[in-house]
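Here's the letter readout for the chains.
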Amino acid sequence: MTDQEALLQATELCKRYQRGGGAFAARGARNTFAAVDRVSLRIAAGETFAIVGESGCGKTTLARMLLRLIEPDSGKIIFAGRELTALSSAELRRARRHLQMVFQDPYASLNPRMRVSQIVAEPLEIHEPALSRAERQERALAMLRRVGLNDEFATRYPHEFSGGQRQRIGIARALILRPRLVVADEPVSALDVSVGAQMLALLRELQQEFGLTYLLISHSLPVVAQVATRIAVMRAGAFVEVGDAEQVLRQPQHAYTKELLAAVPELPQVTA
Amino acid sequence: MPALLDVQHLTVELPTSRGWVRPVHDVSLRIAAGETLGLVGESGSGKTMLSLALMGLLPQGAKIRGEAWLNASASAASKNLVALRENDWRAVRGGEIGMVFQEPMTSLNPVMRVGKQVAEAIRAHDPHASRADLQRRTLKALRRASVPEPETRAEQFPHQLSGGLRQRVMISMALAAGPKLLIADEPTTALDVTVQKQVLALLAELRRAMQLGMLFITHDLGVVAQVADRVAVMYTGRVVEHGPVREVLTRPQHPYTKGLLAASPTLERGKFLPIPGIVPQLTDLPPGCAFAPRCPWRRVECDAAVPELRAVNADHSARCVLVGEAVQAGHEACR
Ligand SMILES: Nc1ncnc2c1ncn2[C@@H]1O[C@H](COP(=O)(O)OP(=O)(O)OP(=O)(O)O)[C@@H](O)[C@H]1O
Ligand SMILES: Nc1ncnc2c1ncn2[C@@H]1O[C@H](COP(=O)(O)OP(=O)(O)O)[C@@H](O)[C@H]1O
Ligand code: SF4
Ligand SMILES: [Mg+2]
Ligand SMILES: [Mg+2]
């Protein structure tokens, strides 16, 4: 696969919201703002494209639009050669198996009343109905093992797991259909340093193994620096800089990128 | 110099459905006037419980042992916080010890104007202050915390302020009564990095201007490197390493500290190394070193008993059997 072939391409995506939200917010265009403002991007197969920016800059809104979990006001999305923005809801449902999401909050994103093996097997029920129950179960167990959870965990419920383990369950569920693109929205920001590092390492291994393409969303430049191949810096709904990760980190062009880099507290080097 | 705060063998016990746990276990620390001690550790290591113990805000049913001497002024006698009664706490909390928490929105009253909340904090420790005096001191407190346009801000409600401004208001309230010790529990964790930078600069400036002693709690080693003079690293309720911040971060002695440093993402690409395994539950601690199940240097004696804090040098110590050995399993063979 060449660089030129984009797996995901978005053109001029826009989303406006009411300012302030709230029941008393006045209606009308003047009281709306652009949460995402004419964003275009190209993600090549196999890369890790990261979007970094401060809270409220529109990262989550953009990510959800790319999967059409939120409808864009305008703009076009092409995934693997098909225009997502033109698909019917039935076609979209079928296309979704190739586009999966890992969420920020491992506590809120798993159904508390389902056993872990069911949670992980559930997407198979929808997308691979021909599989028997036993086959689904076996695939779920294998995926759970792959993310570091052995079989004894499979019959437990989400509340019995730590944040890092829940995030592993979320990753197993996202990967069970062997998607092509995984969108991870702040996958480590709710986790401790040591657990977050385990998660980044796991995502990196799985990328190699399953040939995944990642869209990684984070407010943290150090997190993004670890795994991204390209970085887009977002502010107030728009990209201010997009480039090769090395380039953005070492030779930032935009003043805002420089400001973000300068605000990262530095760790001294361990010498012994 | 006598310490502003001198904590000796502090232990907090809490009842749980699976028996008593010790979220703070035999912790000893000192903070001098004008000095910042950073307290780092991952979630559940006991940082917040320790700070709550130092403010007399432990949950119902908690037991506390040990000593925590506060020496707030040269004139007054020092007092043992562990032995204080609720009546005495009122003067100490907010008066001699100020506090700032992670989430300013939950610690501010959402339906009270910001200025009034600052005024209340001042009045709590000076009930006879006149209205004019309160107003003057409120504006001064806001100005000291670099709240821009304090007259306007004082009239607003917390939701009208950004996260960074709310944290500045919290800081102005915490310092309103002129405490000598500030306990800050993850004060910048919920903030964006650019705002965090400003708040850290403000705290550094106030500390200098007011000779504040500070207990600064964070899980971010980069932040600790920036704000602290000394650092204590906690793991499952115990201090496992303690020393001057630069020395601990550049020459860590405890395998957990080393692991945390290696796992912390920096702007350098792809250099992080995760620590394997997970933090054990307090109800299910190993018999010896609590880090042993995750430690690459583990050996038989590690599981026999909890290692003592051993001196690396006069100011630096670590709770590990390897401290003081010339060769650390090849890792530090040549120094
Ligand atoms: N009310 C309580 N009853 C029983 N155990 C508790 C209670 N509150 C906290 N704990 C336990 O005490 C330990 C220390 O908790 P603490 O809140 O001090 O951690 P922390 O280091 O501040 O973590 P974080 O980084 O998540 O803020 C944890 O194991 C926690 O589960
Ligand atoms: N459903 C919604 N209605 C109104 N405003 C919203 C909605 N979702 C998000 N916003 C606003 O849009 C902006 C971008 O939000 P978001 O995409 O969640 O940012 P990020 O993920 O970068 O923190 C913020 O100002 C947010 O408050
Ligand atoms: S005491 Fe043993 S197990 Fe614990 S940190 Fe030191 S070497 Fe590792
Ligand atoms: Mg978000
Ligand atoms: Mg805490």
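Basis of the calculations
Residues numbered from 1 in each chain as written. Chains lettered and ligands numbered in written order. Predicted model: local features only at pLDDT ≥ 70, side-chain atom pairs only at ≥ 80, totals over all residues. Heavy atoms only, no water. Buried < 20%, exposed > 50% of the residue type's maximum accessible area, 1.4 Å probe, protein only. Helix = DSSP H or I, 4+ residues; strand = E, 2+ residues; numbered from the N terminus. Pairing = 2+ DSSP bridges. Right-handed = clockwise from strand over helix to strand, strands pointing away. Contact = heavy atoms within 4.5 Å. Polar contact = N/O pair within 3.5 Å; in protein donor to acceptor, adjacent residues only side chain to side chain. Axes fitted to C-alpha atoms, helices over the stretch in contact; angles between N-to-C directions. Parallel < 35°, antiparallel > 145°, perpendicular 65-115°, else oblique. Left-handed = near helix turned anticlockwise from the far one by under 90°. Nonpolar A, V, L, I, M, F, W, Y, C, P; charged D, E, K, R; others polar. Near = heavy atom within 4 Å. Areas by Shrake-Rupley, 256 points an atom, 1.4 Å probe, with all protein chains shown as cover.

**Description of the pairing of strand E7 (residues 181-185) of chain A**
Residue and element names in this part refer to chain A.
- Of all 5 residues that make up E7, 5 are buried, and the element is covered over most of its length.
- A two-sided burial pattern is seen for E7, the buried positions comprising Leu181, Val183 and Asp185 on one face and Val182 and Ala184 on the other.
- Taken together, the 4 bridges between strand E6 (residues 99-102) and E7 define a ladder with parallel strand orientation. Bridging across to E7, leucine 99 finds its partner in leucine 181.
- As defined by bridge partners, E7 adjoins strand E8 (residues 213-218) across 5 bridges and the pair is classed as parallel. Looking across to E8, one finds that aspartate 185 is bridged to isoleucine 217.
- At this point the chain moves from E7, through helix H6 (residues 193-210), to the parallel E8, and the crossover so formed is right-handed.

**What to know about the environment of Arg65(B)**
Residues and elements named next belong to chain B.
- By the element assignment, arginine 65 lies in strand E4 (residues 63-70).
- Residue classification places arginine 65 among the partly exposed positions, given a relative accessible area of 43%.
- Look past the residues within four positions of arginine 65 in its chain and what remains in contact with it is His9, Leu10, Thr11, Glu13 and Arg22.
- Separated by 3.4 Å, the side chains of arginine 65 and glutamate 13 make a polar contact.

**With respect to the side chain of Thr194(B)**
- Here Thr194(B) lies in helix H8 (residues 193-210).
- Those residues in contact with Thr194(B) that sit more than four places away from it in its chain are Glu54(A), Glu259(A), Leu260(A) and Ala263(A).

**Here's the deal with the packing of helix H3 (residues 116-127) of chain A against helix H4 (residues 133-146) of chain A**
Residue and element names in this part refer to chain A.
- Direction vectors running N to C along H3 and H4 enclose 120°, while the axes themselves pass 9 Å from each other. One finds that H3 runs oblique with respect to H4. When you trace H3 past H4, the crossing you get is right-handed. Facing H3, whose interface residues are Val116, Ser117, Val120, Ala121, Leu124 and Glu125, H4 presents Arg136, Gln137, Arg139, Ala140 and Leu144.
- The class makeup of the residues in the contact of H3 with H4 is 6 nonpolar, 2 polar and 3 charged.

**As for the site of ligand 1**
Residues and elements named next belong to chain B.
- Around ligand 1 lies a shell of 14 residues, among which Ser43, Gly44, Lys47, Thr48 and Met49 are the nearest.
- Contact distances for ligand 1 include 2.6 Å between an oxygen atom and a side-chain N or O atom of threonine 48.
- At a separation of 2.7 Å, an oxygen atom of ligand 1 approaches a polar backbone atom of methionine 49.
- Within the complex, 64% of the 640 Å² of free accessible area of ligand 1 lies under protein.
- Here the element with the most residues in the shell around ligand 1 is helix H1 (residues 47-54); it accounts for 3 residues.
- Class assignment of the residues belonging to the shell around ligand 1 gives a composition of 5 nonpolar, 6 polar and 3 charged.

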